[in-house]
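# Structural characterization, general
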Amino acid sequence: MAANDTISDMLTRIRNAGAVRHAVTHVPSTRMTRDIARVLKAEGFIADYEEVGEGVKKELALALKYKGRNRQPIISTLKRVSKPGLRVYKNRKELPRVLGGIGIAIISTSHGIMTDRDARRQGIGGEVLCYVW
């Protein structure tokens, strides 16, 4: 894989794994993907995550969550907002509310990666990475 958008790659892998009801999906481990996985776990969108592999080949194993008898994925939608070609920044007053608070926006702030709710609480804005619901 060429030097591409690791976040889009991660979201696509989660989306694809959910579509075919996989229990676990692997994404390349970077500081950014680890932070996003931490937020997804804290918000209850994934069951767990752990780092596997050595050195450059390090990956994150994400344990996906499903609900109901026919195992509907907990994550119904992952939307990349800020892309390498078009960065999207919002100040604290402009932070998006996803589906009236049902979903979350993952924001990259000067205080690290967090949800729109946490950023609003701390009164800081940042780069809107993606929406999850």
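Refer to the structure above for everything that follows.
Described below are features of the structure shown in this document.

Quick notes on the rules
Residues numbered from 1 in each chain as written. Predicted model: local features only at pLDDT ≥ 70, side-chain atom pairs only at ≥ 80, totals over all residues. Heavy atoms only, no water. Salt bridge = Lys/Arg side-chain N within 4 Å of Asp/Glu carboxyl O. Helix = DSSP H or I, 4+ residues; strand = E, 2+ residues; numbered from the N terminus. Expected span 1.5 Å × (residues − 1). Buried < 20%, exposed > 50% of the residue type's maximum accessible area, 1.4 Å probe, protein only. Axes fitted to C-alpha atoms, helices over the stretch in contact; angles between N-to-C directions. Parallel < 35°, antiparallel > 145°, perpendicular 65-115°, else oblique. Left-handed = near helix turned anticlockwise from the far one by under 90°. Contact = heavy atoms within 4.5 Å. Nonpolar A, V, L, I, M, F, W, Y, C, P; charged D, E, K, R; others polar. Pairing = 2+ DSSP bridges.

## A look at the pattern of salt bridges
Counted by the stated rule, this structure contains 9 salt bridges. Here Arg38 ties to Asp35 by a salt bridge, and the two come within 3.9 Å at their closest N and O atoms. Of this pair, Arg38 and Asp35 are both found in helix 2 (residues 31-42), 3 residues apart, which corresponds to roughly one turn of the helix. Here Asp116 makes a salt bridge to Arg120, at a shortest N to O gap of 3.3 Å. Here Arg120 and Asp116 lie together in helix 3 (residues 116-122), a separation of 4 residues that amounts to about one turn.

## With respect to helix 2
With 12 residues, helix 2 extends 17 Å between its outermost C-alpha atoms, agreeing within 8% with the 16 Å of an ideal straight helix rising 1.5 Å per residue. When helix 2 is considered as a whole, its buried residues turn out to be Thr33, Asp35, Ile36, Ala37, Val39 and Leu40. Taken from the residues just after helix 2, Gly44 is the one with a positive phi, measuring 80°.

## Some points on the packing of helix 1 (residues 6-19) against helix 2
A packed helix pair is summarised by two numbers, namely the angle formed by the two axes and the spacing between the axes. Where helix 1 contacts helix 2, the axes come no closer than 10 Å and their chain directions differ by 45°. The pairing of helix 1 with helix 2 is recorded here as oblique in orientation. The handedness of the crossing between helix 1 and helix 2 is right-handed. Two secondary-structure elements touch here, helix 1 through Thr6, Ile7, Met10 and Ile14 and helix 2 through Met32, Thr33, Ile36, Ala37 and Leu40. Along the lines of polarity and charge, the residues of the contact of helix 1 with helix 2 split into 7 nonpolar, 2 polar and no charged.

## Structural notes on the pairing of strand 2 (residues 46-52)
Here strand 2 pairs with strand 3 (residues 59-64) via 6 bridges, running antiparallel. Paired with Glu50 across the bridge in strand 3 is Ala61. Between the end of strand 2 and the start of strand 3, which pair antiparallel, lie 6 residues, with Gly53 showing a positive phi angle near 95°.

## Quick notes on the environment of Ala42
Along the chain, the position of Ala42 falls in helix 2. Between the alpha carbons of Ala42 and Met114 there is a distance of 9.9 Å; along the sequence they are 72 residues apart.

## Looking at unusual backbone geometry
Note: most residues except glycine have negative phi, and most peptide bonds are trans. One non-glycine residue with positive phi stands out, namely Arg71, at about 50°. Inspection of the secondary structure puts Arg71 in the loop between strand 4 (66-67) and strand 5 (72-73). A positive phi is found at Leu99, a non-glycine position, where the angle reads about 50°. Positionally, Leu99 belongs in the loop between strand 7 (89-90) and strand 8 (104-109).

## Topic: the pairing of strand 1 (residues 24-28)
Across the two faces of strand 1 the burial differs, with Thr25 and Val27 buried and Val24, His26 and Pro28 not buried at all. Where strand 1 and strand 3 come together, 5 bridges link them in antiparallel fashion. In the sheet register, Thr25 faces strand 3, and the bridge partner there is Leu62.

## Quick notes on helix 1
With 14 residues, helix 1 should cover 20 Å at 1.5 Å per step; its first-to-last C-alpha distance of 20 Å lies within 8% of that length. For helix 1, the set of buried residues is Ile7, Asp9, Met10, Leu11, Ile14, Ala17 and Gly18. In the segment just after helix 1, Arg21 is the residue with positive phi, at about 60°.

All quantities given are derived from atomic positions and should not be read as evidence of function.
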